[in-house]
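Single-letter residue listing:
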Amino acid sequence: MGWNDWIRTVEVEPSLYAADFSRLGEQIDVLLRAGVRIFHFDVGDGHFVKPITMGPIVLQSISQLIHDGGAHVDCHLMTEFPEKHFAAIKEAGGDSVTVHYEACDDLPSVVRAARANELQVGVAFKPETSAAYAAHAALSSGVDLVLVMSIEPGYSGQEFMPEALDRIRTVRSIVPRKVAIQVDGGIGPDNIRTAYDAGATLLVAGTSIFAREDLPRAYRRLVELLA
């Protein structure tokens, strides 16, 4: 099982970084019942990005709930030396890890390390990084997905960068269809369809879901815009 089995043509991924942590399990359960198949889990180390976000302890507390609901956990590692965290992420119940192109001196070896831990693996790149360079590196390393950041990585709630659309198109022109393209940052009702039309099939949505009072309604609205 992997990304090609998890994606039903296109998926909206709620980003747990934007959740209410006092109600995390409750909000996950509500979204599972609304039909969510993949949750996005951001890990920030305070070095590669300024914030220290969630880690394996939080992941361990929610992964069983997510798996019991038939869904998967997609872990975005905004960290230096991401391979150091793979074993802990796997043990805590992560299903996939996405590492940053800028954090990996030897991306193929990092990809091999993820696979040795039986994890799906993707590569992300920052807005200032060449989309073509990142896409070719991803292709030669044999990743399962490419994450196009549409904000500066680190903080939830930032506005979508429209120039990300060209980066999505560039990546789509380079990598084969079996490699999923994900977009993360500022995704909401005003731009989700445009991002999908540019070539993204995994749309990460944080505040556009969790900042709403009715989470299932917010999620379903985004899904309907992709129909």
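Provided above is the structure to which this section pertains.
Now for a description of the structure that goes with this document. (Residues numbered from 1 in each chain as written. Predicted model: local features only at pLDDT ≥ 70, side-chain atom pairs only at ≥ 80, totals over all residues. Heavy atoms only, no water.)

**Thoughts on unusual backbone geometry**
And then number 1: In this model, phenylalanine 81 sits at a positive phi of 45 degrees, which is unusual for a non-glycine residue.
And then number 2: Turning to its location among the elements, phenylalanine 81 is positioned in the loop between β3 (72-78) and α4 (86-92).
And then number 3: Positive phi outside glycine occurs at glutamate 118, with the angle close to 60 degrees.
And then number 4: Considering the arrangement of structural elements, one finds glutamate 118 in the loop between α5 (107-116) and β5 (120-125).
And then number 5: We classify glutamate 118 as exposed; its relative accessible area is 64%. (Helix = DSSP H or I, 4+ residues; strand = E, 2+ residues; numbered from the N terminus. Buried < 20%, exposed > 50% of the residue type's maximum accessible area, 1.4 Å probe, protein only.)

**A few points about helix α7 (residues 164-174)**
And then number 1: All of the buried residues in α7 are Ala164, Leu165, Arg167, Ile168, Val171 and Arg172. The buried side chains of α7 occupy one side of the element, clustering within an arc of 160 degrees when seen end-on.
And then number 2: At its buried positions, α7 is contacted by β5, α6 (131-141), β6 (145-149), β7 (180-184) and α8 (192-198). (Arc of directions from axis to C-beta. Contact = heavy atoms within 4.5 Å.)

**Overview of the pattern of salt bridges**
Between side chains of opposite charge, a pair can form as their charged atoms come close.
And then number 1: All chains considered together, the criterion is met by seven salt bridges.
And then number 2: Taking the shortest distance from any N to any O, the salt bridge between arginine 115 and aspartate 144 comes out at 3.1 Å. With arginine 115 in helix α5 and aspartate 144 in the loop between α6 and β6, this residue pair connects regions lying 29 residues apart in the sequence.
And then number 3: Arginine 115 gets classed as partly exposed once you look at its relative accessible area, which sits at 34%.
And then number 4: Taken together, the shared-partner salt bridges connect Asp20, Arg23 and Glu26 into one network. (Salt bridge = Lys/Arg side-chain N within 4 Å of Asp/Glu carboxyl O.)

**With respect to the environment of alanine 218**
And then number 1: Relative to the assigned elements, alanine 218 resides in helix α10 (residues 215-225).
And then number 2: On the basis of relative accessible area, alanine 218 is assigned to the buried category, the value being 11%.
And then number 3: Taking the C-alpha atoms as reference points, alanine 218 and serine 208, 10 residues apart in sequence, are found 7.0 Å from one another.
And then number 4: If sequence neighbours within four positions are ignored, alanine 218 has contacts with Ser208, Ile209 and Arg212.

**Description of helix α2 (residues 24-34)**
And then number 1: Among all positions in α2, only Leu24, Gln27, Ile28, Leu31, Leu32 and Ala34 are buried. Mapping the buried residues of α2 onto a view down its axis gives an arc of 155 degrees, with all of them on the same face.
And then number 2: In this structure, the buried residues of α2 make contact with β1 (11-14), β2 (38-44), α3 (56-68), α9 (207-210) and α10.
And then number 3: Downstream of α2 by one or two residues, glycine 35 has phi in the positive range, about 115 degrees.

**Quick word on the side chain of serine 150**
And then number 1: Summarising the element assignment, serine 150 is placed in the loop between β6 and α7.
And then number 2: Polar contacts involving the side chain of serine 150 include one to the main-chain carbonyl oxygen of glycine 185, which spans 2.6 Å.
And then number 3: Excluding residues within four positions of it along the chain, serine 150 makes contact with Glu159, Phe160, Met161, Ala164, Arg167, Val183, Asp184 and Gly185. (Polar contact = N/O pair within 3.5 Å; in protein donor to acceptor, adjacent residues only side chain to side chain.)

**Here's the deal with the packing of aromatic side chains**
And then number 1: Here the structure, examined in full by the defined rule, presents one aromatic pair.
And then number 2: Their ring planes at 65 degrees and their centres at 4.9 Å tell us that tryptophan 3 and tryptophan 6 sit as a pair that is edge-to-face. Of this pair, tryptophan 3 and tryptophan 6 both sit in helix α1 (residues 3-6), three residues apart, which is roughly one turn of the helix. Side by side, tryptophan 3 and tryptophan 6 carry an identical accessibility label, which is buried.
And then number 3: Its end group placed over the ring of phenylalanine 81, lysine 84 keeps NZ or CZ at 4.7 Å from the ring centre. (Phe/Tyr/Trp six-rings, centres within 6.5 Å; stacked < 30°, edge-to-face > 60°. Lys NZ or Arg CZ within 6 Å of the ring centre and 35° of its normal.)

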